[in-house]
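Residue-level listing of the chains:
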Amino acid sequence: MLNPPIRYMPDVEDVKPDEGQTIEHLCEAFDTILETTAKDYGHAVRSVHAKSHGILEGVMRIEDRLPPELAQGLFATSGEHRVFMRMSTNAGDILPDTISLPRGLALKVLDVTGERLPGAEGTTQDFVMVNGKVFQAPNAEKFLGSLKLLAKTTDRIEGVKVAASAVLRGVNKALHAVGIDSPAIGSLGGAPNVDPLGETYYSVTPFRYGDYIAQFSLAPVAPALTALTGTEIDPSGRPDAIRETVQSEMRGIEGVWEFRVQLCRDLERQPVEDPTVAWDEEEAPFQRVATITVRPQDSWDAEQVRAVDEGMRFGVWTGLAAHQPLGNINRARNAPYRHSANFRQRFNGCPIHEPQAGDAPRS
């Protein structure tokens with residue numbers, strides 16, 4: 001029998017007095033990445049998840065008659081919302097796909113009503129996920145150490161990165177064979193080069209879920225997508241192999257994903273402040289609250305790429321107060337991610353804005 005879900009209270013978070021200083025250093029490390037790549041490319045890209053593999057437009061359908069603990073925030077009212085999905089990998093520079101990195105998926109839900117988070121412009125709700133169940137660092141201070149290393153290696157000795165990635169993939173497969181998963185090795189280039197359309201994505205950090213606390217997941221359910229789960233892409237001679245593969249596949253299939261919520265039921269076993277701890281799905285199962293349907297389309301349509309990849313930002317602090325990001329890592333994601341978006345906006349001379357429900361959908 002499952003424990004009842006834990007109710008949200010402000011004291012579930014443990015805010016440390018030095019967090020502000022760590023956030024300043026994160027912005028400085030982001031600046032190193034942003035300035036290096038902007039100088040090299042003549043164009044500013046994101047400081048993390050710079051390379052996009054596909055932009056999809058679809059519809060989220062929120063379930064009817066959800067039980068009270070699931071009918072919270074955005075999901076309190078059934079209905080449909082237009083969405084954009086951006087698939088990416090996590091580096092801050094544009095690398096060839098022979099360097100295999102964890103997959104990311106950012107989701108933007110339009111026309112969302114309700115009290116907004118501080119500074120959250122527009123009427124959208126963002127969810128940012130990766131194809132792993134835990135974050136690579138337990139707190140922002142440890143993450144800063146990793147980010148400084150990435151900043152020093154940004155856009156350097158690409159051939160070495162390609163060779164190292166091949167070695168790390170071998171190490172990661174050996175570990176996986178004996179039941180060990182290593183987010184650290186994956187983040188350095190040892191992740192399997194899987195098709196992003198077949199992957200299940202996780203928020204890996206907790207959020208307020210109205211009266212409760214939760215993590216989120218997006219899982220493929222259409223047979224055309226689940227057939228791709230675990231499929232590896234051969235990038236030989238194709239620096240943009242992932243993008244080309246997704247584009248080819250999405251022209252002929254309808255994608256359906258389930259949006260799932262994992263309610264916290266034990267604060268010790270499902271901690272708020274340590275995202276390196278996986279929440280056991282037997283003790284805290286994921287439950288479906290919505291589906292996302294994406295019709296066949298060109299996932300690299302030039303107009304859509306300009307509108308979404310260039311003209312939008314994705315961040316966990318864009319959305320409703322009912323889905324407030326929780327924990328040290330989430331608190332540290334607010335200012336640096338805005339800092340990154342502001343740099344792109346200034347350097348490129350391209351305003352970044354939140355889409356409105358009345359904006360014309362792609363025909």
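Each value, and the rule that gives it
- Each chain has its residues counted from 1, following the order in which its sequence is written.
- Two thresholds apply to this predicted model, a pLDDT of at least 70 for residue-level local features and 80 or more for giving and counting side-chain atom pairs, whereas whole-chain, interface and lining totals are computed over all residues.
- Excluded from the side-chain calculation are hydrogens and water; included are all heavy atoms of the structure.
- Here a helix means four or more residues in a row that DSSP labels H or I, a strand means two or more in a row labelled E, and each is numbered from the N terminus.
- Residue contacts follow a heavy-atom distance rule, with two residues in contact if any of their heavy atoms lie within 4.5 Å.
- Areas reported here follow the Shrake-Rupley algorithm with a probe of radius 1.4 Å; residue values treat only the protein chains shown as occluding.
- Here the term buried applies to any residue with accessible area under 20% of the maximum for its type, exposed to any over 50%, and partly exposed to those in between, with areas from a 1.4 Å probe on protein chains only.
- At least two bridges found by DSSP between two strands is the condition for calling them paired.
- Classification of ring pairs uses Phe, Tyr and Trp, with its six-membered ring standing for Trp, and accepts pairs whose centres are within 6.5 Å; under 30 degrees between planes counts as stacked, over 60 as edge-to-face, and the remaining range as tilted.
- Two N or O atoms count as a polar contact when they lie within 3.5 Å, although within protein this holds only if one can serve as hydrogen donor and the other as acceptor, and sequence-adjacent residues are included solely when both atoms are side-chain atoms.
- Each residue after the first adds 1.5 Å to the expected span of a helix.
- Buried Ala, Val, Leu, Ile, Met, Phe, Trp, Tyr and Cys residues form a nonpolar core when they are joined through side-chain atoms within 4.5 Å.
- One number per residue, pLDDT, summarises how confident the predictor is, and it ranges from 0 to 100.

Q: Is there a simple way to explain the overall build of the chain in this structure?
A: For the chain, the helix and strand inventory stands at 8 helices and 9 strands. A separation of at least 24 residues holds for 78% of the contacts in the chain among residues at least 6 apart in sequence. Of the roughly 15,700 Å² of accessible surface on the chain, 53% is carried by carbon and sulfur atoms.

Q: For this particular structure, what's the right way to read the pairing of strand S1 (residues 52–62)?
A: Within S1, 9 of the 11 residues are buried, which leaves the element mostly enclosed by the surrounding structure. Sheet analysis places S1 next to strand S2 (residues 79–89), joined by 10 bridges and oriented antiparallel. Directly across from Val59, in S2, lies its bridge partner Arg82. Here S1 pairs with strand S9 (residues 286–294) via 4 bridges, running antiparallel. Each residue of the ladder has a partner; that of Val59, found in S9, is Thr293.

Q: When you look at the packing of aromatic side chains in this model, what are you seeing that I'm missing?
A: Aromatic ring pairs are reported here in terms of the distance separating the ring centres and the angle at which the planes meet. Evaluated as defined, the whole model comprises 12 aromatic pairs. Each ring, one from Phe75 and one from Phe127, has its centre 6.4 Å from the other, and the planes form 40 degrees; the classification is tilted. Of this pair, Phe75 sits in the loop between S1 and S2 while Phe127 is found in strand S4 (residues 125–130), placing the two residues 52 residues apart along the sequence. The class for Phe75 is buried, based on a relative accessible area of 1%. Judged by centre distance (5.8 Å) and plane angle (55 degrees), the rings of Tyr202 and Phe286 are tilted. Residue Tyr202 is found in strand S5 (residues 201–202), and its partner Phe286 is found in strand S9; the two are separated by 84 residues along the sequence.

Q: Looking at this model, I keep getting lost on the pairing of S4. Mind explaining?
A: A regular strand carries its side chains on alternate faces of the sheet. In terms of burial, S4 is a largely internal element, 5 of the 6 residues being buried. As judged from the 6 bridges shared by strand S3 (residues 103–109) and S4, these two strands associate in the antiparallel manner. Paired with Ala106 across the two strands is Val128, which belongs to S4.

Q: I tried to follow the side chain of Arg331 on my own but got confused; where do I start?
A: Of note, Arg331 is situated in helix H8 (residues 328–348). In this structure Arg331 comes out as buried when scored by relative accessible area, which is 14%. A distance of 2.7 Å separates a polar atom in the side chain of Arg331 from a polar atom in the side chain of Glu13. What Arg331 contacts, discounting residues up to four positions off in sequence, is Glu13, Asp14, Val15, Glu19, Ile23, Glu273 and Trp317.

Q: Explanation requested: unusual backbone geometry in the structure shown.
A: Comment: phi is negative for the bulk of residues other than glycine, and the bulk of peptide bonds are trans. Its identity as a non-glycine residue notwithstanding, Arg65 has a phi of 55 degrees, on the positive side. As for its placement among the helices and strands, Arg65 is situated in the loop between S1 and S2. Phi is positive for Val204, close to 60 degrees, though the residue is something other than glycine. As for its placement among the helices and strands, Val204 is situated in the loop between S5 and strand S6 (207–209). A relative accessible area of 5% places Val204 in the buried class.

Q: So what exactly am I meant to see when it comes to helix H1 (residues 19–41) here?
A: Working note: α-helix, 3.6 residues per turn, so residues spaced by three or four point in the same direction. The terminal C-alpha atoms of H1, which comprises 23 residues, lie 33 Å apart, in line with the 33 Å expected from a rise of 1.5 Å per residue. What H1 keeps buried is the set Glu19, Thr22, Ile23, Leu26, Cys27, Ala29, Phe30, Ile33, Leu34, Thr37 and Ala38. Following H1 by one or two positions, Gly42 adopts a phi angle in the positive range, close to 70 degrees.

Q: Help me out: how do you make sense of the side chain of Ser217 in this one?
A: Position of Ser217 among the secondary structure elements: in strand S7 (residues 212–220). Looking at Ser217, its side chain comes within polar contact range of the main-chain oxygen of Tyr201, at 2.9 Å. The residues contacting Ser217, other than those within four sequence positions of it, are Met129, Thr200, Tyr201, Tyr202, Glu258, Phe259, Arg260 and Phe286.

Q: Sorry if this is basic, but what is going on with the nonpolar core here?
A: Here is a general trend for soluble globular proteins: nonpolar side chains tend to be buried in one another's company. Ranked by size, the top nonpolar core spans 56 residues in total, and within it Met60, Phe75, Leu107 and Phe259 carry the most contacts. No other element matches strand S8 (residues 255–263), which puts 5 residues into this core. Among residues more than four places away in sequence, those in contact with Phe75 are Met60, Ile62, Leu66, Leu70, Phe127, Tyr209, Phe259, Val289, Ala290 and His323. In terms of nonpolar packing, the next biggest core, distinct from the first, is built from 22 residues, Ile23, Phe286, Ile329 and Ala332 among them.

Q: What am I meant to see in the confidence of the model for the chain here?
A: One rule of thumb: low pLDDT means the predicted coordinates there are not for detailed reading. The share of residues in the chain with pLDDT of 70 or more is 88%, and the mean pLDDT across the chain is 88. Low pLDDT (under 50) marks residues 156–182, which in the prediction has 38 contacts with non-local residues, meaning those over four places away or in another chain. Across residues 184–189, where pLDDT falls below 50, the model places 22 contacts with residues more than four positions away in sequence or in other chains.

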